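A structural walkthrough
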Amino acid sequence: MKSSLKPCLAVATLATLLAASSAFAASAAENFDNSCAKCHGADGKAQSKMGKKLKVRDMTTEEYKKELDDAKALAVLKEGIKRDGKEVKKSFAAEFTDEELKALIAHVRTLK
């Protein structure tokens, strides 16, 4: 009987740890502020020093939002962007889950 309890306890412990870690996960707005605002600006208008240097597009325009394709945006967030062999946008694949990246994309759609 004791040996059958060990797997149950392990699963229960793992579930508790996962639930606790998700409770501490940052919101999409916080992730945007911490990881994207340096280039895109806190408001998404790309008026930051780095945004101007890299000629980042204003994410608040209707034109931008109409062109924003979720699958392509997810791929860019996961793979990053290189221009002339230089990384201009790093990959977020190691930092965020797909769900967190999708939440970032949804957050961009709310920027005005």
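Please read all numbers here as calculations on a predicted model, not as lab measurements.

Here we look at the packing of aromatic side chains
- Throughout the structure, instances matching the rule amount to one aromatic pair.
- With a centroid separation of 5.6 Å and an interplanar angle of 75 degrees, the aromatic rings of F92 and F96 are classed as edge-to-face.
- Here the basic side chain of K89 rests over the ring of F92, its NZ or CZ set 4.1 Å away from the ring centre.

Observations regarding unusual backbone geometry
- Although it is not a glycine, A46 sits at a positive phi angle of roughly 65 degrees.
- Among the structural elements, A46 can be located in the loop between α3 (37-40) and α4 (49-54).
- Judged by its relative accessible area of 3%, A46 is buried.
- A positive phi is found at D84, a non-glycine position, where the angle reads about 50 degrees.
- Among the structural elements, D84 can be located in the loop between β1 (81-83) and β2 (86-89).
- The exposure class assigned to D84 is exposed, which follows from its relative accessible area of 83%.

Considering the layout of surface pockets
- Estimated volume of the largest pocket: approximately 920 Å³.
- Around the largest pocket, the lining is made up of 32 residues, and of these H40, M59, V76, I81 and K89 lie nearest the centre.
- When the residues that make up the lining of the largest pocket are grouped by side-chain class, the tally is 19 nonpolar, three polar and ten charged.

Details of the pairing of β2
- Bridge count between β1 and β2: three bridges; the pairing is antiparallel. What sits directly across from K82, in β2, is E87.
- Hairpin connection, β1 to β2: the antiparallel pair is bridged by two residues, and D84 has positive phi, about 50 degrees.

Description of the nonpolar core
- Ranked by size, the top nonpolar core spans 15 residues in total, and within it F32, M59, L68, F92, L101, I105 and V108 carry the most contacts.
- Broken down by element, this core gets its largest block of residues, four residues, from helix α7 (residues 98-110).
- Among all residues touching V108, those that are not within four sequence positions of it are F32, M59, Y64, K65 and L68.

Quick look at the side chain of K89
- Examined against the element boundaries, K89 turns out to sit in strand β2.
- Of the side chains bearing the opposite charge, E87 lies closest to the buried K89, which forms no salt bridge; the N-O distance is 7.7 Å.
- If sequence neighbours within four positions are ignored, K89 has contacts with V76, L77, G80 and I81.

A short note on the environment of E30
- Within the element layout of this structure, E30 appears in helix α2 (residues 28-35).
- Note: C-alpha distance between E30 and L104 (74 residues apart in sequence) is 9.4 Å.

Some words on the pattern of salt bridges
- This model, assessed by the stated rule, comprises four salt bridges.
- A salt bridge links R57 to E67, with the shortest nitrogen-to-oxygen separation between them at 3.0 Å. Taken together, the positions of R57 in the loop between α4 and α5 (62-67) and E67 in helix α5 put the pair ten residues apart, joining distant regions of the chain.
- Notably, a salt bridge pairs R109 with D70, separated by 2.6 Å at the nearest N-O pair. With a gap of 39 residues between them, R109 in helix α7 and D70 in helix α6 (residues 70-79) connect regions that are remote in the sequence.
- Classification of R109 as partly exposed rests on a relative accessible area of 33%.

Criteria and thresholds
Residues numbered from 1 in each chain as written. Predicted model: local features only at pLDDT ≥ 70, side-chain atom pairs only at ≥ 80, totals over all residues. Heavy atoms only, no water. Phe/Tyr/Trp six-rings, centres within 6.5 Å; stacked < 30°, edge-to-face > 60°. Lys NZ or Arg CZ within 6 Å of the ring centre and 35° of its normal. Helix = DSSP H or I, 4+ residues; strand = E, 2+ residues; numbered from the N terminus. Buried < 20%, exposed > 50% of the residue type's maximum accessible area, 1.4 Å probe, protein only. 1 Å grid on protein atoms, 1.4 Å probe; cavity = no way out; pocket = protein on both sides within 12 Å on 5 of 7 lines; lining within 4 Å. Points joined across faces, edges and corners; volume = space filled by probe spheres on them. Nonpolar A, V, L, I, M, F, W, Y, C, P; charged D, E, K, R; others polar. Pairing = 2+ DSSP bridges. Core = buried A, V, L, I, M, F, W, Y, C linked by side-chain atoms within 4.5 Å. Contact = heavy atoms within 4.5 Å. Lys, Arg positive; Asp, Glu negative; His and termini not counted. Salt bridge = Lys/Arg side-chain N within 4 Å of Asp/Glu carboxyl O.

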